Amino acid sequence: MLRIRPIQVLLIPVIACSIIEEHESSATRNAANTSIDVCFYIKKGHPRSCKTFENLTTLGEFMSKPHVKVEIHDQFLTKLHKYSFSRIMYTKELVIANCGVLEIEPGAFHNSLSLLKFDIQRNRLEILREGVFNGLLISHLNLAHNKIRTIDPDALSNMQNIEEVNLLNNLISVYDVKWFNKTPLLKSLCFQNNTIREIPETAFRNLIDMKHGMNLFYSFNMIKTVHPKAFQGMGKTKINKLLLDHNLLENWGEELSLNINELEICFNSIRCIEGNLHVTIKNNSLRNFIGNPYDCACLKEMKTIGDNRGERSNWFSNEYAKCRAFNKSGLKQIEGSNIQVFSSRFESNFHGSKFKQIV
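As a starting point, this report considers the structure included with it. (Residues numbered from 1 in each chain as written. Predicted model: local features only at pLDDT ≥ 70, side-chain atom pairs only at ≥ 80, totals over all residues. Heavy atoms only, no water.)

What follows concerns the overall build of the protein. For the protein, the helix and strand inventory stands at seven helices and 19 strands. Per-residue burial over the protein gives 40% buried out of 359 residues. Across the protein, the fraction of contacts at a sequence separation of at least 24, relative to all contacts at a separation of at least 6, is 55%. (Helix = DSSP H or I, 4+ residues; strand = E, 2+ residues; numbered from the N terminus. Buried < 20%, exposed > 50% of the residue type's maximum accessible area, 1.4 Å probe, protein only. Contact = heavy atoms within 4.5 Å.)

In structure tokens form, the structure reads like this:
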């Protein structure tokens, strides 16, 4: 019995691994052969129709026919294989939501030149690979509510029509400056609810000389640092809106604000904004700056800016009042402690020899 036990222990993980591998491969085969319920619109304004397809192959054949919009919700599609949605010639909008998609192979949408909007939110994607979207004419790409951690450097490049990219609520921790090369029409980037820790130097250098302004959404990340040259290299491109609220920012300065029209940095860890506050605040509401642990001098100056332009901020008024009260109470405590020290010294001298000698 003692000789058998080691063999049993060694065999258990091997059996377990083989079972897992077999389960995964069978799951992939089942996904490819599982029937799929699809809803579609033949023309804009027409009622929605729905149909069941035997597998991805028959669905792909259907996609080559005239349909304005196709929707696939709550189905079992773990993988979008190469050419599975190729040669889409009429469909302008495709939705694949909450289907458990783990991977999109490069070439899955090969030559699908009519596709303008692609929504693949609420799936389980972890990686965006180069060759999936490059060269397509997509203008709106929704990748929200996935598990994306890795984006290949050129995965979102060479997209001549792209205007909006939504990566809300993923697991992205590093922003790569190589992203979004050759995207001349890009207007909006949403990276809210990720785990990004830093906006690096020349982060948006590929968004150079845009004829329109950019909207950049980075709320609810873990951003502690914005490089002093983060917004350099953009040429004539203006930033219409930059949301950095609910992060871990400790510093913000005038030089970062020069190219930004609307700025929101509330609920960070900023003690004071460096440089000319008027340059940073501009025409923004003071609401965009609340929730930071400002020092008293900064609170006073920002409150004064609001008062002078007729914008009373209860948050800044209350925080400045607390700051003044704290300083006063602290001063009283210091003064009180000095009086006690002086009194004890006086009593000591009064009863001591030094005082008697003076008298």
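Structure shown, so let's carry the discussion forward.
We now examine the pairing of strand β14 (residues 214–217). As judged from the three bridges shared by strand β12 (residues 188–190) and β14, these two strands associate in the parallel manner. Bridge assignment links C190 to a residue of β14, and that residue is F217. (Pairing = 2+ DSSP bridges.)

One open sheet accounts for 11 strands, arranged β2-β1-β3-β5-β7-β9-β11-β12-β14-β16-β18; its pairing is mixed. Edge strands, defined here as strands with exactly one partner in the open sheet, are β2 (49–53) and β18 (260–264). Sheet twist, expressed as the mean angle between neighbouring strand axes with direction ignored, is 10°. Where strand β16 (residues 239–243) meets β18, four bridges bridge the pair, whose relative direction is parallel. For L242, the partnering residue across the bridge sits in β18 and is L263. (Axes fitted to C-alpha atoms, helices over the stretch in contact; angles between N-to-C directions.)

On to helix α5 (residues 296–308). With 13 residues, α5 extends 18 Å between its outermost C-alpha atoms, agreeing within 8% with the 18 Å of an ideal straight helix rising 1.5 Å per residue. Regarding α5, the residues found buried are C296, C298, L299, M302, I305 and G306. Residue G310 follows α5 closely and has a positive phi angle near 80°. (Expected span 1.5 Å × (residues − 1).)

Here the structure, examined in full by the defined rule, presents 19 aromatic pairs. Ring plane angle 70° and centroid distance 5.1 Å describe the contact between Y175 and W179, whose orientation is recorded as edge-to-face. On the basis of relative accessibility, which here comes to 3%, the residue W179 falls in the buried class. These aromatic residues form a ring-pair network of at least three members: Y175, W179, F180, F191, F204, Y218 and F231. (Phe/Tyr/Trp six-rings, centres within 6.5 Å; stacked < 30°, edge-to-face > 60°.)

With that settled, consider the pattern of salt bridges. Applying the stated criterion across every chain, the model contains nine salt bridges. With its nearest N and O atoms 3.8 Å apart, the salt bridge here joins K79 to E103. A residue pair is termed long-range when its members are at least 10 positions apart, and K79 in strand β4 (residues 79–80) and E103 in strand β6 (residues 103–104) qualify at 24 residues. Where E311 meets R309, a salt bridge forms, and the shortest distance between an N and an O atom there is 3.1 Å. Since its relative accessible area comes to 35%, R309 is described here as partly exposed. The structure contains a network of salt bridges with shared partners spanning R48, K69, E71 and E93. (Salt bridge = Lys/Arg side-chain N within 4 Å of Asp/Glu carboxyl O.)

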